[in-house]
Amino acid sequence: MKHALLKHLMGLQVAILCVAVVAPIAWMILASFKDRADITQYPPKLLFTPTLNNYTQLFTRTDFLENTLNSFYVAGGSTLLGLLLAVPAAYAISWHRLTWPATLTLFARMAPGTLFLLPWFIMFSKVGLSGTHFALIVTHAVITVPIALWTLLPHFDGLPRELTESAQIDGCGALKILVLIALPVVMPGLIVAVILSFIFSWNYFLFALALSGISSKTAIVASFNFIGEGVTNWCALMAAATVIAMPPIFLT
C-alpha cells in the first residue's frame, strides 16, 4: 500500500513538472497562430481560427530568415570548434588523471560575459573581423568548450585502459587511438556534448548582441526588434520565438 502511494505521488510530481515545462511552450506555439485581437485576450482563448499571417509577415517583411541562418552558422560553427578543442583535451585530461586543466576551463564560464566584450571588440576591430560570423563562432567557443569538455570527461574516465594499451602495443599513435577506438566507445557522450553545445550557443544572447553586425545578426537578437518602448508586436514575437525554439526542441 505504501509502495503504491509513493508510486502515485512520484507520478503526480512528474505530471506537475511536465505541465510546468510544456505549458509555456504550448502557449507560445498557439499564440504564434493567433491574430492581434486574440493573442492579448484574457483569459486566453483556446478555441480560435489559426492564421499563418504572423509567419508570413515575419519572413517577408523582415530579415528573420537570414537571421535564423546566421544562428545556424554560429551555433554549428562554435559547436564544431568546441568539439575540436574539447575532445582531445578531455581524452588527455582523463588519460593523465589531471584535474586542474578541466577546472581552469570553468573560469571562462564563471566569469561574467561582459568581462570579455571590450577586449574582444577591440581585438576583432583591429583585425577587421568585427561583426563577422567568424568573430561570433570564436567567442561562442568560450561556451561550447567547457560544456563539451565536462560532458565527455566521465565517458573517457570510463574507457577501459586495456583498449588503448592494446592499441599502443599494436603500434597505433595517439590520434589513431582517439579517432578509431576512444570516440566510438564514448559516442553517447559525444552526442550529448553536441546537443548541449549547440543549444547553449544557439540561445546565447550577449555576445551576439554586442559583436554581431547587420549581416551576422542572429535570430535571438533580431527577435528583440519586436519589443518597443511603447508597444510590443506580440504576433511577430511569438512566431519568432517559436522558430527559435524549434531546433533545440527537435535536438532534445
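Below you will find a few notes about this structure. Please read all numbers here as calculations on a predicted model, not as lab measurements.

### Remarks on the overall build of the chain
Next, step 1: Regarding its fold elements, the chain presents 13 helices and zero strands.
Next, step 2: Listing each helix as α and each strand as β along the chain from the N terminus yields α-α-α-α-α-α-α-α-α-α-α-α-α.
Next, step 3: Against the compact-globule benchmark of 18 Å for 252 residues, the chain has a radius of gyration of 23 Å, which places it well outside the compact range.
Next, step 4: The C-alpha extent of the chain, read off along each of the three principal axes, is 70 × 70 × 30 Å.

### Points about the side chain of Thr-218
Next, step 1: Within the element layout of this structure, Thr-218 appears in the loop between helix H11 (206-211) and helix H12 (219-222).
Next, step 2: We classify Thr-218 as buried; its relative accessible area is 4%.
Next, step 3: In this structure Thr-218 touches Asn-67, Asn-70, Ser-71, Val-74, Leu-136 and Ala-208, once residues within four positions along its chain are discounted.

### Looking at the environment of Val-192
Next, step 1: Looking at the secondary structure, you find Val-192 in helix H10 (residues 187-203).
Next, step 2: Classification of Val-192 by relative accessible area gives partly exposed; the value is 38%.
Next, step 3: Taking C-alpha positions, Val-192 is 32 Å from Ile-214, a pair spaced 22 residues apart along the chain.

### Remarks on the packing of H10 against helix H13 (residues 234-251)
Next, step 1: One way to put it is that H10 packs onto H13 with a least axis distance of 10 Å and a crossing angle of 170°. Taken together, the axes of H10 and H13 are roughly antiparallel relative to one another. Contacts between H10 and H13 involve Ile-195, Phe-198, Ile-199, Trp-202 and Asn-203 from the former and Ile-244, Pro-247, Pro-248 and Leu-251 from the latter.
Next, step 2: Partitioned by chemical class, the residues of the contact of H10 with H13 number eight nonpolar, one polar and no charged.

Calculation rules
Residues numbered from 1 in each chain as written. Predicted model: local features only at pLDDT ≥ 70, side-chain atom pairs only at ≥ 80, totals over all residues. Heavy atoms only, no water. Helix = DSSP H or I, 4+ residues; strand = E, 2+ residues; numbered from the N terminus. Rg over C-alpha atoms; globule rule 2.2 N^0.38 Å. Buried < 20%, exposed > 50% of the residue type's maximum accessible area, 1.4 Å probe, protein only. Contact = heavy atoms within 4.5 Å. Axes fitted to C-alpha atoms, helices over the stretch in contact; angles between N-to-C directions. Parallel < 35°, antiparallel > 145°, perpendicular 65-115°, else oblique. Nonpolar A, V, L, I, M, F, W, Y, C, P; charged D, E, K, R; others polar.

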